[in-house]
Every structure is written in structure tokens, then in C-alpha cells.
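A look at the structure
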Amino acid sequence: MTTNSSSQMPLRLGMVGGGNGAYIGNIHRIAARQDRAWALVAGAFDVDAARGHAFAASEGLDRTRSYDDFKAMIAGESSREDRIDAVAICTPNFTHFPIAKAFLEAGFDVICEKPLTATLEDAVALENLVRSSGRFMGVTYTYSGYPMIHEAKHMVATGQLGKIRTVQVEYPLEWMATAIETKGNAQAAWRTDPKKNGRGGSIGDIGTHAYHLAGFVSGLKLQSLTADLATFVEGRALDDNAHVMLRYEGGARGLLWSSQVALGSSNGVRLRVFGEQASLTWFQEQPNELVHARLNGRTEIIKRGADDLSEGAKARIRTPPGHPEGYLEAFANLYAGFAEAIRAKREGREPTAIGRDIPTAHDGLKGVAFVDAVVDCAAAANQPWFTPIAV
Ligand code: NAD
């Protein structure tokens, strides 16, 4: 059943950000150690050095590998024989670029949070640097870690849906439905500051996940888009709701909705792909199931753990069907995939299934380019696609 456990020594992971009180850092740590793929050995965990050291101590890290900041970390790790194999960047968006650039230039592999950078210029530069340095960079588009998403991708790629006609993807959240950024919520504060977050509010924070997921499963390449951004919470500088119409190469259409103000939506990522022969529906709050509806009127629920799943899905499953797996396992699949990709590169071989179809710097760049196009489009004067209704 489990194909991604390993008898090899874990790779050595360093982390920037993700200290006490941070959101995603702890998810990374749980995910990284899940398959003994990684061991956390070093970090600069906080923008405040003292808080970072206190956190490192609480994690049981060697004091000599708890650093004041990322520059000290690069200097300290570069001179060690047991230096980190990769760094995970778990900081606010605007810091991704300088931190990732510095680690890549110093010869380290990088795992970076999304969106890859706060500006398109930085994303282009970073992808170029990944190419020219020959280093590995993985980007944590969480939803591409789910086994049933890999099954969906396989079903589309092997023609089981026929030619794809439309893709509907949505990522609604509710946690920013009021101005919590003005009431001491640290995560909301930087997410609503264009300098720290980048140009896209909901579209940058979660629309990038939705955009990646739609392209990952459908295999479609975006050709053009039109967008309508809204800011419902008074005084907020960035969008908190986005509707985007998509035109893919080959004629398929898509619709993407991201929202931070959708009451009742805890983490409602939903993807629907409609082809000429069948459709697929996946919902992240029921991630162990894929609904497959066919032209002949029959609908089946494909369960995680079914015997005939694809290799890519099976490689990302740990427990028998009926035992729920979810967000943490999906994140762990990304980490196991990054470890396998790094090992395969070093050993000059093709990666096994867990190390294939993983999100990379190019996917990160595509996400930032998408945000830029959406914001530019929505900002254009006289949006011609809004035609007044006479009656
Ligand atoms: P957060 O505000 O909760 O935590 C940020 C952490 O980074 C804090 O510990 C802060 O002290 C630290 N930090 C800031 N600047 C630093 C620096 N220069 N050096 C060292 N540490 C520094 O933020 P968060 O919500 O955890 O988001 C962090 C990143 O993760 C963002 O890019 C966000 O978009 C992304 N994210 C991704 C997912 C996902 O599903 N993949 C989910 C949530 C957040």
C-alpha cells in the first residue's frame, strides 16, 4: 500500500519563518517529517531573532544552527559538512524573492511558499536563477498533493473524460469577512498590504492555488482571461473577491472564483472538470472521493484506496480506504516528492512516481503571471465586457 516510506536517512531541512504564532510553518514541519523524508536541523524562524531562537530551542534544535536571520543561516550552513539539503521558505510573500535568491546563489535547493513572489519581475528572475544555477525549487501548491487530484489528472490525461469543455474552480474562505487586519490579526495584516502581499488580494493568496489546480488536473494551458475584482470590506487595499473567466488553448473555457469573505466556507476548494464524455468533481473537505459522472447517465464515486487507481495516486496513499487522509498527508506528499526529486537529480536517474508531477518554480512563475494579468485586466478602464441591461 504505502510506496512513499523510505529506509534512507532523512534529508536535512532548514526553515526561514514559520516560528511561534505563524500559520503555515507548523504544517510544513508536520509534513516534512511524516515519511521520514526530512529532518528539521536549522532555521531562522522569526523576523525577531530572539523569538526565533526561543522557538528553535522549543523545537530541540542545536543552538549553533539557530540563526539570527537568513543571511547568517546561509553563512553558517555553507561552511558545514552536514549542511542542509534544502531550505523551506515560510515567510510573507514579499520576502520570498530575496531569501530564495540568496539561498539559490549560495548553492542550496529551495522549497518556497506560494505565491512565488510579490512581483512578476521577481518571479521571472527567480525562475531564471533556478535554471541557470541548476538548483531544485519546489513550490507548495498544497492541493496538488492529494492522491485523488492525481487520479483526476490521470483520468483526464488518458482521455477518460473526452475532450475538455469547461473547468470550474473555486476557492472560497470566510476568515477575512471583516476588517480583522485592523484588529491585530498578523496574517491578515500583511495579506492586505500591497507592498508585503503583492498586487492580488484573494486572487494572489488563494486564486493562485485554484489556478494551479485547474491547470494541473485539466492539462490545459491558459490563453487569455477577463476578470472582475471586488473589495467588500471597507478600507481594504486589495481585492477580497475575484471572478475570472478563462479561455484555454484549444477552445475550452473556465471560471475561477476566489473569495476571502464567503461566509460558511471554511476551506471550500472545489474543482469540476467537464469533458465530452464525462465530468469529475473534487471537493477539498471530502478529499478522499472523486465524483465521476458519465455520458450514459451513470455516476460513480471513486474512493481513495480503490484497487485500480493510477500509479501517481497510489504513490500518495498511506492507509486503506475508509481511514480519512487529508490536508497534512497532501502536504507530506509534496515534501516526499521534493525529497525524491532532489535525490533522483543527485543520482542522475528518473524520479519514482512520488517525485513526478510536483509543483516547481515554473508553476510558481505561472501563478504570479496569472495574478498580474487578472489585476491588470480588472483595473482597465471601461471594462467592455460589462454590458448594461436595458430592463
Ligand atoms: P505568518 O504571518 O503566519 O508567518 C510568517 C512568519 O515569517 C512569522 O514567523 C514571521 O516572524 C516570519 N518572518 C517574516 N519575515 C521574516 C524574515 N525576513 N526572516 C525570518 N522570518 C521571517 O504567515 P503565514 O500565513 O504562515 O504565510 C506564510 C507564507 O505561506 C505566505 O507566503 C503564504 O502565502 C503562504 N501560505 C501557504 C499556504 C498553503 O496552503 N500552501 C497556506 C497559508 C500560507
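Residues numbered from 1 in each chain as written. Predicted model: local features only at pLDDT ≥ 70, side-chain atom pairs only at ≥ 80, totals over all residues.

The chain carries the name Gfo/Idh/MocA family oxidoreductase in an unreviewed UniProt entry, which gives Rhizobium redzepovicii as its organism.

1. Quick look at the UniProt feature "domain: Gfo/Idh/MocA-like oxidoreductase N-terminal" (unreviewed entry) in the chain
In the UniProt entry, the feature "domain: Gfo/Idh/MocA-like oxidoreductase N-terminal" (unreviewed entry) is given for residues 12-140. The span residues 12-140 is 44% helical and 19% strand by assignment, and the distance between its end C-alpha atoms comes to 18 Å. (UniProt positions renumbered as here; feature names shortened; annotations may be inferred. Helix = DSSP H or I, 4+ residues; strand = E, 2+ residues; numbered from the N terminus.)

2. Here's the deal with the site of the ligand
Taken together, 26 residues lie near the ligand, and Gly17, Ala22, Tyr23, Ile24 and Glu113 sit nearest. Secondary-structure elements contributing two or more residues to the shell around the ligand are strand E1 (11-17), helix H1 (24-34), helix H4 (93-105) and helix H7 (186-191). Among the elements that take part in the shell around the ligand, H7 stands out by supplying three residues, more than any other. Across the shell around the ligand, the residue classes tally to 11 nonpolar, 10 polar and five charged. (Near = placed C-beta within 6 Å. Nonpolar A, V, L, I, M, F, W, Y, C, P; charged D, E, K, R; others polar.)

3. Quick word on unusual backbone geometry
Omega for the bond connecting Lys114 with Pro115 falls within 30 degrees of zero, at -15°, which places this linkage in the cis form. Within the element layout of this structure, Pro115 appears in the loop between strand E4 (109-112) and helix H5 (120-133). Within the chain, Arg36 stands out as a residue other than glycine whose phi angle is a positive 55°. For Arg36, the location among the structural elements is in the loop between H1 and strand E2 (38-44). Using a count of 16 C-beta atoms within 10 Å as the deciding quantity, one classes Arg36 as partly exposed. Backbone geometry at Asp357 places phi at a positive 55°, although glycine is not the residue there. For Asp357, the position within the fold is in the loop between helix H11 (327-347) and helix H12 (361-379). (Buried ≥ 20, exposed ≤ 12 C-beta atoms within 10 Å, placed from the backbone.)

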